[in-house]
Structures are given as structure tokens and as C-alpha cells.
Amino acid sequence: MLRTTALLAALAAPVAAQAQDLPTSPYLPLAMTSDAANAALAACAAEGHNVSVAIVARDGNTKVLLKADNSGPHTASSATGKAFTSAGLGRDTAGLAEFISGNTANNGLRDMDPRLVIQAGGLPIRIGGALVGGIGVGGAPSGAIDADCARVGLDAIGAE
């Protein structure tokens, strides 16, 4: 019995040491995404705008999508595309649109991935300096209003 225990301990020791060496990375918890999305949706609703809000994780997968009553049929895909763009490229979509329009050599960015939506209203989500996702809002009368609502969502969870 003692030999079996010693053998099992000897075999398990390298596995435990390797597990400690595994890389870790920050992620965006579902509860935080829900809080941020609800805050952004409420901010736009308070201004009378029926929008959709999407939050994607760093890998581009959608974590939350909220679609307000009476929001347009295009708003969900717009919000998701803006969130995907911000998470994937790590920058706000309004700034990205300006970057592209300021230098025609950057036009190829628009065609990099069909899921990209390069219009104002998408913001990267950074927590503790780490890029963990993106938030997108679509459906307000302007991209600037979409972005303002998205900012409210980030503020609600203490994101940068």
C-alpha cells in the first residue's frame, strides 16, 4: 500500500508542476457583460433610442446581445459587428473609420473579415489594461450616440 501511494505521488508530481506553468489570461465574466449591456441599453432608452447592444469576448464570440423593443432589424448585426471589430482590433470603431479614411492605403482593413463593422459605436473593453472584449451599440440616430451609450456600459463595470 505504501509503495502504491509513493508511486502515485511520484507520477502526479510532474503533472502538478506542469499545470503551474500553464499560461493564464484575463477574461470577461458573463455577469459583467450583462451589467454593461443593460447599462448601455438603458442609457440609450433614456434618450428615446431603441438600440441593440452586443458584447463579444476577446476571441470574438458573442457573450451578450440585447435588442430593445421596436429596434430596427439591422441593429443586432450592427451592434455585434461593432463589438467584434473593437475586440478584434483593440480600438474604437469611430477612430478606426477615421484611420481608414485618412489614408486610402488602409482601405483593405474593411475587407479583412466580413464580420467587421467600421462605424462609430464600438469600443474595446479593457480591464486592468488587458483587452478582454468589445461592446457595440447600433440603432441610435448617430454613431456618436451609439458610442456614448457604449461608454455608459463600460463605466458601469469599471472598464477602461
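This is a predicted model, so every value here is computed, not measured.

Parameters at a glance
- Per chain, the residues get numbers from 1 upward, laid out in the order the sequence is written.
- Only residues with pLDDT of at least 70 get local features here, since the model is predicted, and only at 80 or more are side-chain atom pairs given and counted; chain-wide, interface and lining totals rely on the full set of residues.
- Excluded from the side-chain calculation are hydrogens and water; included are all heavy atoms of the structure.
- Burial classes follow relative accessibility: with a 1.4 Å probe on protein chains only, a residue under 20% of its type's maximum area counts as buried, one over 50% as exposed, and anything between as partly exposed.
- Numbering goes from the N terminus for both helices and strands, where a helix is a DSSP run of H or I of at least four residues and a strand is a run of E of at least two.
- The contact definition used throughout considers only heavy atoms, calling two residues in contact when any of these lie within 4.5 Å.
- Two N or O atoms count as a polar contact when they lie within 3.5 Å, although within protein this holds only if one can serve as hydrogen donor and the other as acceptor, and sequence-adjacent residues are included solely when both atoms are side-chain atoms.
- Aromatic contacts are taken between Phe, Tyr and Trp rings whose centres are within 6.5 Å, Trp giving its six-membered ring; a plane angle under 30 degrees counts as stacked, one over 60 as edge-to-face, and the others as tilted.
- Geometrically, a charge over a ring is one whose NZ (Lys) or CZ (Arg) sits within 6 Å of the ring centre while staying within 35 degrees of the ring normal.
- Here a strand pair is declared whenever DSSP counts at least two bridges between the two strands.
- Angles run from 0 to 180 degrees between N-to-C directions of axes, and those axes are lines fitted to C-alpha atoms, restricted for helices to the stretch in contact.
- By definition, disulfides here are pairs of cysteine sulfur atoms that lie within 2.5 Å.

*Asks:* So, helix 4 (residues 93–101): which residues are in play, and what are the values?
*Replies:* Regarding helix 4, the residues found buried are Thr93, Gly95, Leu96, Ala97 and Ile100. Elements that come into contact with the buried residues of helix 4 comprise helix 3 (75–89) and strand 3 (122–127). The distance from a side-chain oxygen at the start of helix 4 to the backbone nitrogen of Ala94 is 3.4 Å, and the residue carrying that oxygen is Asp92.

*Asks:* Quick rundown of the packing of aromatic side chains? Include the residues and the values.
*Replies:* Considering all chains together, one arrives at zero aromatic pairs under this definition. Sitting over the face of the ring of Phe99, Arg91 holds its NZ or CZ atom 4.9 Å from the ring centroid.

*Asks:* A description of the sheet that holds strand 4 (residues 130–138) should follow, citing residues and the corresponding values.
*Replies:* Strand order in the open sheet made by the four strands is 2-1-4-3, with antiparallel pairing throughout. A strand with exactly one partner marks an edge of an open sheet, and here the two such strands are strand 2 (62–67) and strand 3. Each strand axis lies, on average, 15° off the axis of its neighbour in the sheet, ignoring direction. Relative to strand 4, strand 1 (residues 52–57) runs antiparallel, the two being bridged by six bridges. Bridge pairing in strand 4 links Ala54 to Gly136. On top of the sheet, helix 5 (residues 143–156) reaches strand 3 and strand 4; it is set at about 135° to strand 4, its chief contact.

*Asks:* Describe in detail unusual backbone geometry, supporting the description with residues and values.
*Replies:* Residues other than glycine seldom take positive phi values, yet Asn70 does so here, at roughly 65°. Tracing the sequence through the fold places Asn70 in the loop between strand 2 and helix 3.

*Asks:* Requested: an account of the state of the cysteines, with residues and values cited.
*Replies:* As enumerated under the stated definition, the model contains one disulfide in all. One disulfide in the model links Cys44 with Cys149; its S-S distance is 2.1 Å. As the torsion about the S-S bond is roughly 110°, the Cys44-Cys149 disulfide counts as right-handed. Remark: Cys149 occurs in helix 5 and Cys44 occurs in helix 2 (residues 30–46); sequence separation between them is 105 residues.

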